[in-house]
Amino acid sequence: MGCISTKHTKHTPGYEDPKVLSTETTFTVSEVEALYELYKKLSFLIIKDGLIHKEEFQLALFRDSKKQNLFADRVFDLFDVKGNGVIEFGGFVRSLSFFHPDAPEDDKIAFAFRLYDLRQTGYIEREELKEMVLALLNESDLFLSDEVVEQIVDKAFSQVDSKGDGIIDPDEWKEFVKKNPSVLRNMTLPYLKDITLAFPSFVMNSEVRNEDMTIQ
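Residues numbered from 1 in each chain as written. Predicted model: local features only at pLDDT ≥ 70, side-chain atom pairs only at ≥ 80, totals over all residues. Heavy atoms only, no water.

Going by an unreviewed UniProt entry, the protein carries the name Calcineurin B-like protein and comes from Phoenix dactylifera. Per UniProt, the protein has the following entry under Sequence similarities (unreviewed entry): "Belongs to the calcineurin regulatory subunit family." We quote the UniProt Function (unreviewed entry) comment for the protein here in full: "Acts as a calcium sensor. CBL proteins interact with CIPK serine-threonine protein kinases. Binding of a CBL protein to the regulatory NAF domain of a CIPK protein lead to the activation of the kinase in a calcium-dependent manner." (UniProt positions renumbered as here; feature names shortened; annotations may be inferred.)

Visitor: Run through the layout of surface pockets, naming residues and quoting values.
Guide: Over the atoms a probe the size of a water molecule is rolled, and this reveals where empty space is left. Of the pockets and cavities examined, the largest pocket occupies roughly 1,200 Å³. In terms of lining, the largest pocket is formed by 34 residues, of which the most central are Phe71, Leu115, Tyr116, Leu136 and Asn186. Those elements that provide at least two residues to the lining of the largest pocket are helix H2 (29–43), helix H3 (54–62), helix H4 (70–79), helix H5 (89–97), helix H6 (105–116), helix H7 (126–139), helix H8 (146–160) and helix H9 (170–179). Split into classes, the residues belonging to the lining of the largest pocket amount to 29 nonpolar, four polar and one charged. (1 Å grid on protein atoms, 1.4 Å probe; cavity = no way out; pocket = protein on both sides within 12 Å on 5 of 7 lines; lining within 4 Å. Points joined across faces, edges and corners; volume = space filled by probe spheres on them. Helix = DSSP H or I, 4+ residues; strand = E, 2+ residues; numbered from the N terminus. Nonpolar A, V, L, I, M, F, W, Y, C, P; charged D, E, K, R; others polar.)

Visitor: Please set out the packing of H6 against H9 residue by residue, giving values where relevant.
Guide: Relative to each other, H6 and H9 sit at 120°, their axes nearing to 10 Å. Accordingly, the angle class assigned to the pair H6 and H9 is oblique. For H6 against H9, the interelement crossing comes out right-handed. Contacts from Glu105, Asp106, Ile109, Ala112, Phe113 and Tyr116 of H6 reach H9 at Pro170, Trp173, Lys174, Val177 and Lys178. A class-by-class count of the residues in the contact of H6 with H9 yields seven nonpolar, no polar and four charged. (Axes fitted to C-alpha atoms, helices over the stretch in contact; angles between N-to-C directions. Parallel < 35°, antiparallel > 145°, perpendicular 65-115°, else oblique. Left-handed = near helix turned anticlockwise from the far one by under 90°. Contact = heavy atoms within 4.5 Å.)

Visitor: Tell me about empty space enclosed by the protein, and please be specific about residues and values.
Guide: The tally for this structure, following the rule as stated, stands at one cavity of 30 Å³ or more. Space inside the largest cavity adds up to approximately 30 Å³. Looking at the largest cavity, the residues that line it are Phe79, Asp80, Val81, Lys82, Asn84, Val86, Ile87, Glu88 and Gly91. For the lining of the largest cavity, the class distribution of residues is four nonpolar, two polar and three charged.

Visitor: Mind laying out a nonpolar patch on the surface, listing which residues take part and the relevant values?
Guide: Residues Leu45, Ile46 and Ile47 make up a contiguous nonpolar surface patch of about 220 Å² in total accessible area. Here Ile47 shows up in the loop between H2 and strand E1 (52–53). Judged by relative accessible area, Ile47 falls into the partly exposed class, the value being 37%. (Patch = residues over 30% accessible without salt bridge, like charges linked within 9 Å, V, L, I, M, F, W, Y side chains within 5 Å. Areas by Shrake-Rupley, 256 points an atom, 1.4 Å probe, with all protein chains shown as cover. Salt bridge = Lys/Arg side-chain N within 4 Å of Asp/Glu carboxyl O. Buried < 20%, exposed > 50% of the residue type's maximum accessible area, 1.4 Å probe, protein only.)

Visitor: Before we move on, could you go through the UniProt feature "domain: EF-hand" (unreviewed entry) in the protein and cite the residues and values that matter?
Guide: Mapped onto this structure's residue numbering, the UniProt feature "domain: EF-hand" (unreviewed entry) falls at residues 67–102, 104–139 and 148–183. Annotation note: span residues 104–139, helix share 72%, strand share 6%, distance between end C-alpha atoms 28 Å. The distance from the first to the last C-alpha atom of residues 148–183 is 20 Å, and the span holds 64% helix and 6% strand.

Visitor: Explain the packing of H7 against H8 to me, using residue names and the numbers behind them.
Guide: Running from amino to carboxyl end, H7 crosses H8 at an angle of 125°, the nearest separation of the two axes being 10 Å. Taken together, the axes of H7 and H8 are oblique relative to one another. Along this stretch, H7 crosses H8, giving a crossing that reads as right-handed. Contacts from Arg126, Leu129, Lys130, Val133, Leu134 and Leu137 of H7 reach H8 at Val149, Glu150, Ile152, Val153, Asp154, Ala156 and Phe157. Residues belonging to the contact of H7 with H8 are distributed by class as follows: nine nonpolar, no polar and four charged.

Visitor: Before we move on, can you summarise the packing of aromatic side chains with the specific residues and values?
Guide: Across all of its chains, the model carries 13 aromatic pairs by this definition. Ring plane angle 65° and centroid distance 5.5 Å describe the contact between Tyr39 and Phe89, whose orientation is recorded as edge-to-face. One end of the pair, Tyr39, is in helix H2; the other, Phe89, is in helix H5, and 50 residues separate them in sequence. You'll find Tyr39 and Phe89 in the same group, each marked buried. Aromatic rings pair up to connect Tyr15, Tyr36, Tyr39, Phe57, Phe76, Phe79, Phe89, Phe92, Phe98, Phe99 and Phe111 into one cluster. (Phe/Tyr/Trp six-rings, centres within 6.5 Å; stacked < 30°, edge-to-face > 60°.)

What follows is the structure in structure tokens.
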């Protein structure tokens with residue numbers, strides 16, 4: 001009788017089965033596995049505990065773990081789906097899925113709305129929009145006068161707040177984005193469609209094949 005060799009792989013905390021994540025996102029199993037390799041690299045940049053902390057997220061985005069940026073903070077908060085101060089693998093994959101070129105537009109619209117809904121009230125207030133505009137200008141190293149910023153915010157807010165009630169609700173947001181699709185430009189990361197190309201050796205030796213998902 002031959003010996004059966006069982007290989008045990010140590011995974012990071014919060015690891016989830018690629019097959020399961022594939023059924024819940026726009027990624028294939030192979031793509032989820034490739035994302036796991038990326039996740040591991042990011043989660044060992046600084047603290048090396050297999051979880052992505054805010055400093056590591058900042059370092060990956062800006063090459064600077066100390067840089068303060070509201071936009072980055074909001075993205076981190078949305079990736080931190082459990083709200084425990086770290087990004088686990090499942091949250092990483094599910095959140096990245098919104099940025100996939102093939103992700104449904106309505107999902108992208110909803111994610112972008114949550115990004116601007118800083119206080120998580122279910123609507124966007126003028127002050128929240130202003131804070132995000134300032135954060136994005138700062139990230140682009142653009143410094144405008146208070147007067148110009150106010151003009152930008154007033155114009156943008158009035159365009160979206162079609163009901164004129166001083167807040168932007170999800171329906172107003174969706175209607176505005178449908179008419180101005182360029183708003184979602186940053187909600188698509190083209191390389192996610194070819195994520196496996198970044199890790200060819202990993203994919204060649206993939207332990208889970210897409211065929212294995214076929215129901216017998």
